[in-house]
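# Architecture and fold: a report
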Amino acid sequence: GCASGEKKKAEAELYAMDTVMDLTIYATNAEEALSAAQEEIYRLDGLLSYTRSDSQVSAINRGAGGAVEVPVEVMDLVSTAVAISQRTDGAFDITVAPLVQAWGFYTGEYTVPDKEALDEILPLVGSGLIRLDPGAKTVELEKTGMSIDLGGIAKGYASDVLVEMMKDRGVSSALLALAGNISAVGTKPGGDPWRVAVRDPRDGSAYVGILSVSDLTVATSGGYERYFESGGKRYHHIIDPKTGVPADSDLTSVTVISQSGTTADALSTGLFVMGMDKALALWRASKDFEAVFVTQDDRVVVTEGIADRFEFTGQSGGYAY
Ligand code: ADP
Ligand code: MG
Ligand code: MG
């Protein structure tokens, strides 16, 4: 091909996977790469959506109590989700769906379920109740009434697929923002690392710091994105699978930085549920991610491996070792 062509900028904002996405690509073939990326996002949304009745996830959920044949890609992602559930001691768990449903987060008809309602649902929650048969390519939810929701991992998976597409096309400069899952492909056109802000969970227009990253995905989970208020209390959309109620740890947001967008997305959700101490213990035992934590008492804690690429801009901060 013609290696000396001028890099062009192509940018699109789209609505998919229940959120707003922003794709920016600098390349000689930017327009082609952009439309291929958009198509791919819609394809994945069609496979992985909880709310769309024609998705593979809906087929698995309708078939609960029995085995459902799905594309290998879907089985592999469910398998990865189960592995991350084990890694986070059940804090991340895609079988949380009946709980998310009970709180009204799928319909927007919010309710605070009483203890009896939660006690009925909790036995349906647990990744140990998912059976995978790689030979038959089936996923089985063991109990009727179970359902899975890939909302805490699908955007990260999509970002990995898009990053591969960019590599295949020789794109060395792109920023793919799938809501709170941001993949920095290569560098900015001038060669500097991409700069990704970590939002202040208490103030949507402010941030606590800036990450300088290249070939990494930055995923943030927090209680501030989707929530409702009832009786003077705030209830957000990340549920602790063990209790059935919105996670109430010492954290207000968790940002995970990883070469794997799938890992970053799922772990940011899981670590938010786990709280600082358990999250740091998992980080110390791992080699595949770094993190930025914002605590309820407004501290910002950055793990050692990313410290030199994080610039504090606001609140008091510190480092974890
Ligand atoms: P966002 O969807 O805002 O990017 P997350 O990646 O943290 O945020 O995913 C939250 C979504 O994942 C929820 O909307 C819900 O559908 C699902 N979910 C809620 N609690 C959990 C959990 N403990 N483990 C896995 N998925 C969860
Ligand atoms: Mg997530
Ligand atoms: Mg997410």
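Keep in mind the model is a prediction, meaning the values are calculated, not measured. (Residues numbered from 1 in each chain as written. Chains lettered and ligands numbered in written order. Predicted model: local features only at pLDDT ≥ 70, side-chain atom pairs only at ≥ 80, totals over all residues. Heavy atoms only, no water.)

## Concerning the domain arrangement of the chain
- Annotation of the chain at the domain level lists domain 1 (9-50 + 151-186), domain 2 (56-141) and domain 3 (193-321).
- Buried area between domain 1 and domain 3, both sides added, is near 1400 Å², and the carbon and sulfur share of it is 46%.
- Together, Ile182, Ala184 and Gly186 form the three largest contributors to the area buried by domain 1 at its contact with domain 3, with a combined 31%.
- Scanning the region where domain 1 abuts domain 3 turns up 0 salt bridges.
- Applying the counting rule to domain 1 against domain 3 returns 15 residue pairs in polar contact (both at pLDDT 80 or more). (Domains from an automatic or database assignment. Buried area = accessible area lost by both parts, 1.4 Å probe. Salt bridge = Lys/Arg side-chain N within 4 Å of Asp/Glu carboxyl O. Polar contact = N/O pair within 3.5 Å; in protein donor to acceptor, adjacent residues only side chain to side chain.)

## Brief notes about helix H3 (residues 72-87)
- End to end, H3 covers 22 Å across 16 residues, agreeing with the expected 22 Å (1.5 Å per residue, within 8%).
- Taken together, the buried positions of H3 are Val74, Met75, Leu77, Val78, Ala81, Val82, Ile84 and Ser85.
- Directly beyond the C-terminal end of H3, a positive phi value near 55° is found at Asp89. (Helix = DSSP H or I, 4+ residues; strand = E, 2+ residues; numbered from the N terminus. Expected span 1.5 Å × (residues − 1). Buried < 20%, exposed > 50% of the residue type's maximum accessible area, 1.4 Å probe, protein only.)

## With respect to the coordination of the magnesium ion (ligand 2)
- Those protein atoms acting as donors to the magnesium ion (ligand 2) are Gly152 (O), Asp265 (O), Asp265 (OD) and Thr269 (OG1), and they sit at 2.0 to 2.4 Å.
- All donors of the magnesium ion (ligand 2) come from a single chain, and their spacing in sequence reads G-x112-D-x3-T.
- Distance-wise, the magnesium ion (ligand 3) is placed 3.3 Å from the magnesium ion (ligand 2), both being coordinated by Asp265. Within this pair, whereas Gly152 is found in the loop between strand E5 (138-141) and helix H6 (154-168), its partner Thr269 is found in helix H7 (residues 261-274), the two being separated by 117 residues in sequence. (Donors = N, O, S within 2.8 Å, 3.2 Å for Na, K, Ca; no water.)

## Brief notes about the packing of H6 against H7
- The interhelical angle for the contact between H6 and H7, taken along N-to-C directions, is 165°, at an axis separation of 7 Å. In this view, H6 runs roughly antiparallel relative to H7, as classed from their interaxial angle. Considering how the two elements wind past one another, H6 and H7 form a crossing that is right-handed. Mapping the contact onto sequence places Ala154, Lys155, Gly156, Tyr157, Ser159 and Asp160 in H6 and Gly261, Thr262 and Asp265 in H7. (Axes fitted to C-alpha atoms, helices over the stretch in contact; angles between N-to-C directions. Parallel < 35°, antiparallel > 145°, perpendicular 65-115°, else oblique. Left-handed = near helix turned anticlockwise from the far one by under 90°. Contact = heavy atoms within 4.5 Å.)

## Regarding the sheet that holds strand E2 (residues 19-27)
- Strand order in the open sheet formed by 9 strands is E1-E2-E6-E7-E10-E13-E14-E15-E17, and the pairing between neighbours is mixed. The strands lining the two open edges of the sheet, one partner per strand, are strand E1 (8-16) and strand E17 (317-320). Put simply, the sheet's adjacent strands are angled 15° from each other on average, direction ignored.
- Running at roughly 15° to E1, helix H1 (residues 30-48) makes contact with E1, E2 and strand E6 (173-178) of the sheet. (Pairing = 2+ DSSP bridges.)

## A few points about the sheet that holds strand E4 (residues 130-133)
- Pairing within the open sheet is antiparallel, and its 3 strands lie in the order E3-E5-E4. Looking at the sheet topology across the chains shown, the edges are occupied by strand E3 (67-69) and E4. Neighbour-to-neighbour, the strand axes of this sheet turn through a mean angle of 25°, independent of strand direction.
- In terms of strand pairing, E3 meets E5 through 3 bridges, oriented antiparallel. The residue bridging Ala67 from the neighbouring strand is Glu140, located in E5.
- H3 contacts E4 and E5 of the sheet and is inclined by roughly 135° relative to E4.

## Quick notes on the pairing of strand E11 (residues 227-230)
- Bridge count between E11 and strand E12 (residues 233-236): 4 bridges; the pairing is antiparallel. Considered in E12, the bridge of Tyr227 is made with His236.
- Hairpin remark: E11 followed by E12, antiparallel, with 2 residues in the connecting loop; positive phi at Gly231, about 55°.

## Here's the deal with the site of ligand 1
- Close to ligand 1 lie 15 residues, the nearest being Asp93, Asp149, Ser221, Ile239 and Thr269.
- Between an oxygen atom of ligand 1 and a side-chain N or O atom of Thr269, the distance comes to 2.7 Å.
- In isolation ligand 1 has 550 Å² of accessible area, and contact with the protein removes 92% of it.
- In terms of residue class, the shell around ligand 1 is built from 6 nonpolar, 5 polar and 4 charged. (Near = heavy atom within 4 Å. Areas by Shrake-Rupley, 256 points an atom, 1.4 Å probe, with all protein chains shown as cover. Nonpolar A, V, L, I, M, F, W, Y, C, P; charged D, E, K, R; others polar.)

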